[in-house]
Amino acid sequence: RQRLAVLISGRGSNMQVLAEACEREAWPAEFVGVISNRPAAAGLAWAAARGLPSFALDHTAHPSREAFDAVLAETLDALRPDWVLLAGYMRILTPGFVARFAGRMINIHPSLLPAFPGLHTHRRALEAGTVWAGCTVHEVTAELDHGPLLGQAAVPLRPDDDEDRLAARVLRAEHRLYPELIGRLLRGGLVREQAADGRVHYAVRDGRPRGF
Ligand code: GAR
């Protein structure tokens, strides 16, 4: 059984659908920890109520990003995770932290990367007048929101959209995409491959598309 640790900062709805899919679909995996950098995160209370090991680490109690990430890395190391899944984790990670978990840390981002890395993705899609918005699941590398893609889901913009309506529609796509791709990753339907030149890509082994 592969060991999954999830990092959150708030609501944690993506973490919830991952935990539910893990149980419902009997993934060959277990949740070994849900960690939040905000002790008051709603998702942390949900995880605790469900009996998942949950950890509140308050980033404001640490003098620097490096100091906080050192504590976060220690907490994670003790859990011996095979995969570290970011689910609405809203802190930029230090290069040392990213290097330590290289190749086993995955994120979901609410845009069709490489469009709109960073924050306010839905507002920026609306301002740009794109036809499609969406979400991307990708490996975390040192450059923010730029790692190799596992998959993507596209969501149409509508004429009456505002930021909230679009965010809600994209979130529904996130809730389908993230568990689908992680489930396939854990079962070997999607495989991480590294070429001789170091480039990483995710190869399909189950014949299914990497998105919708
Ligand atoms: C999700 O839309 C996720 O894609 C986004 O935050 C939201 C978290 O919701 N993540 C980022 O913007 C990462 N930079 P959740 O806490 O309910 O899963």
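What counts and how
Residues numbered from 1 in each chain as written. Predicted model: local features only at pLDDT ≥ 70, side-chain atom pairs only at ≥ 80, totals over all residues. Heavy atoms only, no water. UniProt positions renumbered as here; feature names shortened; annotations may be inferred. Helix = DSSP H or I, 4+ residues; strand = E, 2+ residues; numbered from the N terminus. Rg over C-alpha atoms; globule rule 2.2 N^0.38 Å. Buried < 20%, exposed > 50% of the residue type's maximum accessible area, 1.4 Å probe, protein only. Contact = heavy atoms within 4.5 Å. Areas by Shrake-Rupley, 256 points an atom, 1.4 Å probe, with all protein chains shown as cover. Pairing = 2+ DSSP bridges. Axes fitted to C-alpha atoms, helices over the stretch in contact; angles between N-to-C directions. Near = heavy atom within 4 Å. Polar contact = N/O pair within 3.5 Å; in protein donor to acceptor, adjacent residues only side chain to side chain. Phe/Tyr/Trp six-rings, centres within 6.5 Å; stacked < 30°, edge-to-face > 60°. Lys NZ or Arg CZ within 6 Å of the ring centre and 35° of its normal.

As annotated in an unreviewed UniProt entry, the protein chain carries the name Phosphoribosylglycinamide formyltransferase and comes from Aquariibacter albus. Turning to the protein chain, the UniProt record has this under Function (unreviewed entry): "Catalyzes the transfer of a formyl group from 10-formyltetrahydrofolate to 5-phospho-ribosyl-glycinamide (GAR), producing 5-phospho-ribosyl-N-formylglycinamide (FGAR) and tetrahydrofolate." What UniProt records for the protein chain under Catalytic activity (unreviewed entry) is the sentence "N(1)-(5-phospho-beta-D-ribosyl)glycinamide + (6R)-10-formyltetrahydrofolate = N(2)-formyl-N(1)-(5-phospho-beta-D-ribosyl)glycinamide + (6S)-5,6,7,8-tetrahydrofolate + H(+)".

(A) A look at the overall build of the protein chain. The helix and strand tally for the protein chain stands at six helices and nine strands. Here the protein chain has a C-alpha radius of gyration of 17 Å; the compact-globule value for 212 residues is 17 Å, and the two agree. For the C-alpha atoms alone, the extent of the protein chain along its principal axes is close to 45 × 40 × 40 Å. Counting every position in the protein chain, which comprises 212 residues, the buried fraction comes to 47%. In the protein chain, the share of contacts with a sequence separation of at least 24, taken over all contacts with a separation of at least 6, comes to 61%. Summing over all exposed atoms, the protein chain offers an accessible surface of approximately 10,100 Å²; the carbon and sulfur share of this is 53%.

(B) Local environment of the sheet that holds strand E7 (residues 149-156). Overall, mixed pairing links the seven strands, which are arranged E3-E2-E1-E4-E5-E6-E7 in an open sheet. In this open sheet, the two edge strands, each paired with only one partner strand, are strand E3 (54-56) and E7. Strand-to-strand twist across the sheet, computed as the mean angle between neighbouring axes with direction ignored, equals 15°. In terms of strand pairing, strand E5 (residues 105-109) meets strand E6 (residues 132-139) through four bridges, oriented antiparallel. By the bridge assignment, Ile106 is partnered in E6 with Glu139. In the packing of helix H2 (residues 42-49) onto the sheet, contacts are made with strand E1 (2-8), strand E2 (29-36) and E3, and the angle to E3 comes to roughly 150°.

(C) Geometry of the site of the ligand. Every residue close to the ligand is listed here: Arg11, Gly12, Ser13, Asn14, Gly88, Met90, Ile108, Pro110, Leu171 and Glu174. Residue Arg11 places a side-chain N or O atom 2.6 Å away from an oxygen atom belonging to the ligand. In this structure, an oxygen atom belonging to the ligand sits 2.6 Å away from a side-chain N or O atom of Glu174. A total of 450 Å² of accessible area belongs to the ligand in isolation, and the protein chains cover 86% of it.

(D) Region of the structure containing the environment of Trp132. Within the secondary structure, Trp132 is located in strand E6. Distance in space between the C-alpha atoms of Trp132 and Ala154 is 6.1 Å, their sequence separation being 22 residues. Not counting chain neighbours up to four residues away, the residues in contact with Trp132 comprise Leu112, Ala154, Val155, Pro156 and Leu157.

(E) Up close: the packing of aromatic side chains. Enumeration over the complete set of coordinates arrives at one aromatic pair. Ring centres of Phe97 and Phe101 lie 4.9 Å apart, and the angle between their planes is 50°; this geometry places the pair in the tilted category. For Phe101, a relative accessible area of 0% corresponds to the buried category. The side chain of Arg176 reaches across the aromatic face of Phe212, ending 3.7 Å from its centre.

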